Amino acid sequence: MTTAVSTLEQRLSQAIGDWLQVTVSTAIAANNSIIATALQSYDGGRDDFFVDWFCYITDYANITVLRQVSDYATATGTLTVRGAALLTDGANIATIRL
């Protein structure tokens, strides 16, 4: 029996309480912002809660992109990630993992 690495990664992360996967609320644009209001359920109402976490994009134009979070605003659920501008996803709504 074989198991995909992605499945093993998920199982390990869930076992240690380090698995957070949400769908973005707004399609990713050609900038460094990722808006996911679902994160507000996890941030304790605190800005910068996710600073220095890593954001992995699982699908669409930015599939497999991994970026470190440099800023987070709880009011809008907006992550700002380091590095070059992301690619636009058009109307597609991506899934991210933190």
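Residues numbered from 1 in each chain as written. Predicted model: local features only at pLDDT ≥ 70, side-chain atom pairs only at ≥ 80, totals over all residues. Heavy atoms only, no water.

In this section: the nonpolar core. With 18 residues, the main nonpolar core has I34, L39, F50, C55, L79, I96 and L98 as its most contacted residues. The set of elements that each furnish at least two residues to this core consists of β3 (54-57), β4 (66-73) and β5 (78-81). Beyond its immediate chain neighbours, meaning those up to four positions away, F50 contacts L20, L39, Y42, D43, V69, Y72, L79 and L98. (Core = buried A, V, L, I, M, F, W, Y, C linked by side-chain atoms within 4.5 Å. Buried < 20%, exposed > 50% of the residue type's maximum accessible area, 1.4 Å probe, protein only. Helix = DSSP H or I, 4+ residues; strand = E, 2+ residues; numbered from the N terminus. Contact = heavy atoms within 4.5 Å.)

Moving on to the side chain of D43. Along the chain, D43 falls in the loop between β2 (33-35) and β3. R46 provides the closest opposite charge to the buried, salt-bridge-free D43, at an N-O distance of 7.0 Å. Within the structure, the side chain of D43 is placed 2.4 Å from the side chain of T74, a separation counted as a polar contact. Not counting residues within four places of it along the chain, the set of residues in contact with D43 comprises F49, F50, Y72 and T74. (Lys, Arg positive; Asp, Glu negative; His and termini not counted. Salt bridge = Lys/Arg side-chain N within 4 Å of Asp/Glu carboxyl O. Polar contact = N/O pair within 3.5 Å; in protein donor to acceptor, adjacent residues only side chain to side chain.)

All right, on to the pattern of salt bridges then. In this structure the tally under the stated criterion is one salt bridge. The shortest N-O distance in the salt bridge between R82 and D52 comes to 3.9 Å. Within this pair, whereas R82 is found in the loop between β5 and β6 (95-97), its partner D52 is found in the loop between β2 and β3, the two being separated by 30 residues in sequence. On the accessibility criterion, D52 (46% relative accessible area) is partly exposed.

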